[in-house]
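Coordinates in review
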Amino acid sequence: MRYHSIFFYFFTVCFILGPMELNAQELEPRTLTNLPKGLNFAAIGYAHASGNTLLDPALPLEDFNGTINTIVLGYVKSVNFFGASGKVDVILPFSGGDFTGVYEGEGFTDSYTGFGDLRVRASVNLTGAPSLEPSEFKSYTQNTVSGFAVQLIVPTGNYKKEQLPNLGSNRWALRTNYGISYTINKWVLEGRAGVWLFGPNNNFFGDNKREQKPLWVLKGNIIRTLGDKGMWLAFSSGYGYGGQISVNGIGQEITISQLRLALTYALPLNKKNTLKFAIVSGIRFQQGSDFDVFGVTFNRKWLDKKKRKTL
C-alpha cells in the first residue's frame, strides 16, 4: 500500500519552513494520498540548512548568513470526516543555529537554541478518497483526488524581542490550501494553491508592531513510484508571492517573491518503518529566504487496535 510513506510531507514542511519563520513554499509530495481509518504515524526528522536563513525581510540586517540544525517531532492520525478521509497532525521543531551579519554597519555573530512554533493541521479529501476500513482499503485504487487543508501556527517558539533573528515568530498564523492529485499508472501529478494569513507581532525588535499582508502560494509535485514496495521519488516546486510588511503602520516596500525546488526519495525499511531523504534549494527574485536544506526522516506507522482486529 502507498499510505505508508505519507508522513514525509509533514517533515518536508518543517525542512523548508526553517525554524524561525513561515516560508512561502511547503512542497509536500503525496499530501493527498488516501489513508485507511485508524492509521497512526510517529516520526523524528533532522534537517540541516545553510545560507541566507533570515526568513523575515523586515529585520534591519545585511549580509546575513546562518547554519541551522533542526530536530522535528510529529504525529499524524487518519480520521473519518463525514464519510471522507481526513488527517490531523501536530509538528514541533527544536533548532540550534549560528548566525552572522551586519547591523548598522557593524558585524555581529550570535547563536540560539530552542523550540520553534507548534504547527497543528486538519485536512480532508473532498473527492475521490472515501474513508475506508483497513480491510476495504486493500481493494481501493486512487485516481483523481481533491482536498482542502487548514493549518494553525501557534506562537510557542522561543522569542526575545531584543534579538534580531528568533526561533519563534511571536504571532499567530493560518494557512489554507486546496489541491488536486491525478494518478497515471506509476506517476502521480499534484497541484496546490493556498494562502498564508498572519496575525501581528506586537513585540517586533523591541516594542514595535509588525504586520504582514497575505502570502499567496502555488506548488506542484511530480511523483514516480519505484517498484511495488512503497519506494518513490518526487520532484517538487513552489512559488510564493506577496506578504508585504509594515512596521508601526509604515510600509517597508518589501514584497516576497521566491521559488523553491526539491527532490525527495522514500526508502521503506519494512512494512512499518520508512526513511525519507530530501534536498531543497531555492531562488529569491525579490525578498525572502535563499538557502539550501538537506533532511532525513524516520517514521513508524501502526493501526489502532480495534482496526487491527478487522484485518
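Above: the structure in question.
Our subject in this report is the structure included herewith. (Residues numbered from 1 in each chain as written. Predicted model: local features only at pLDDT ≥ 70, side-chain atom pairs only at ≥ 80, totals over all residues. Heavy atoms only, no water.)

**Concerning the side chain of Q212**
Applied cut-off: Strands are runs of DSSP state E lasting at least two residues, helices are runs of H or I lasting at least four, and both sets are numbered from the N terminus onward. In this scheme, a residue with accessible area under 20% of its type's maximum is buried, one over 50% is exposed, and one in between is partly exposed, where area comes from a 1.4 Å probe on protein chains only. We define a polar contact as two N or O atoms separated by no more than 3.5 Å, with the added condition that, inside protein, one atom must be a possible hydrogen donor and the other a possible acceptor, whereas residues neighbouring each other in sequence contribute only through side-chain atom pairs. Residue contacts follow a heavy-atom distance rule, with two residues in contact if any of their heavy atoms lie within 4.5 Å.
Inspection of the secondary structure assignment puts Q212 in strand β10 (residues 208-212). Owing to a relative accessible area of 11%, Q212 belongs among the buried residues under this scheme. For Q212, the side chain forms a polar contact with the side chain of R171, separated by 2.9 Å. Not counting residues within four places of it along the chain, the set of residues in contact with Q212 comprises R171, F198, G243, Q244, I245 and I256.

**Thoughts on the packing of aromatic side chains**
As a reminder, the rule being used: Centres within 6.5 Å are what make two rings of Phe, Tyr or Trp a pair, Trp counting through its six-membered ring; a difference in plane orientation under 30 degrees is then read as stacked, over 60 as edge-to-face, and the rest as tilted. Geometrically, a lysine NZ or arginine CZ counts as sitting over a ring once it is within 6 Å of the ring centre and also within 35 degrees of the ring normal.
Following the criterion strictly, the structure yields 6 aromatic pairs and no others. Taken together, a centroid distance of 4.9 Å and an interplanar angle of 75° make the contact between F94 and F115 edge-to-face. Residue F94 is located in strand β3 (residues 84-103), and its partner F115 is located in strand β4 (residues 106-115); the two are separated by 21 residues in the primary sequence. With a relative accessible area of 39%, F115 lands in the partly exposed category. Over the ring of F204 we find R210; its NZ or CZ atom is 6.0 Å from the centre of that ring.

**Here we look at the nonpolar core**
Using the following cut-off: Residues belong to a common nonpolar core when they are buried Ala, Val, Leu, Ile, Met, Phe, Trp, Tyr or Cys residues joined through side-chain atoms within 4.5 Å.
Ranked by size, the top nonpolar core spans 18 residues in total, and within it A49, L61, F64, F99, F108 and V293 carry the most contacts. Those elements that provide at least two residues to this core are β1 (39-52), β2 (62-81), β4, β13 (245-247) and β17 (290-303). The residues touching A49, leaving out its near neighbours within four places in the chain, are G66, T67, I68, F291, D292 and V293. Within the second largest apolar cluster, 7 residues are counted, among which are I153, A173, F198 and I256.

**Details of the pattern of salt bridges**
Two side chains that carry opposite charge are able to pair once their charged atoms sit near each other. To keep things clear, this is the line we draw: Any carboxyl oxygen of Asp or Glu that lies within 4 Å of a side-chain nitrogen of Lys or Arg is treated as forming a salt bridge with it.
This structure, assessed with the given rule, holds 8 salt bridges. Note that D304 and K77 form a salt bridge whose closest N and O atoms lie 2.8 Å from each other. In this pair, D304 sits in the loop between β17 and α3 (305-308) while K77 sits in strand β2, placing the two residues 227 residues apart along the sequence. Since its relative accessible area comes to 25%, D304 is described here as partly exposed. In this structure, E211 and K209 form a salt bridge, with 3.9 Å as the shortest nitrogen-oxygen distance. The class for E211 is partly exposed, based on a relative accessible area of 32%. Exposure remark for K209: the relative accessible area of 35% places this residue in the partly exposed category. Connected through salt bridges with shared partners, the residues E28, D89, R121, R175 and K219 form a single ionic network.

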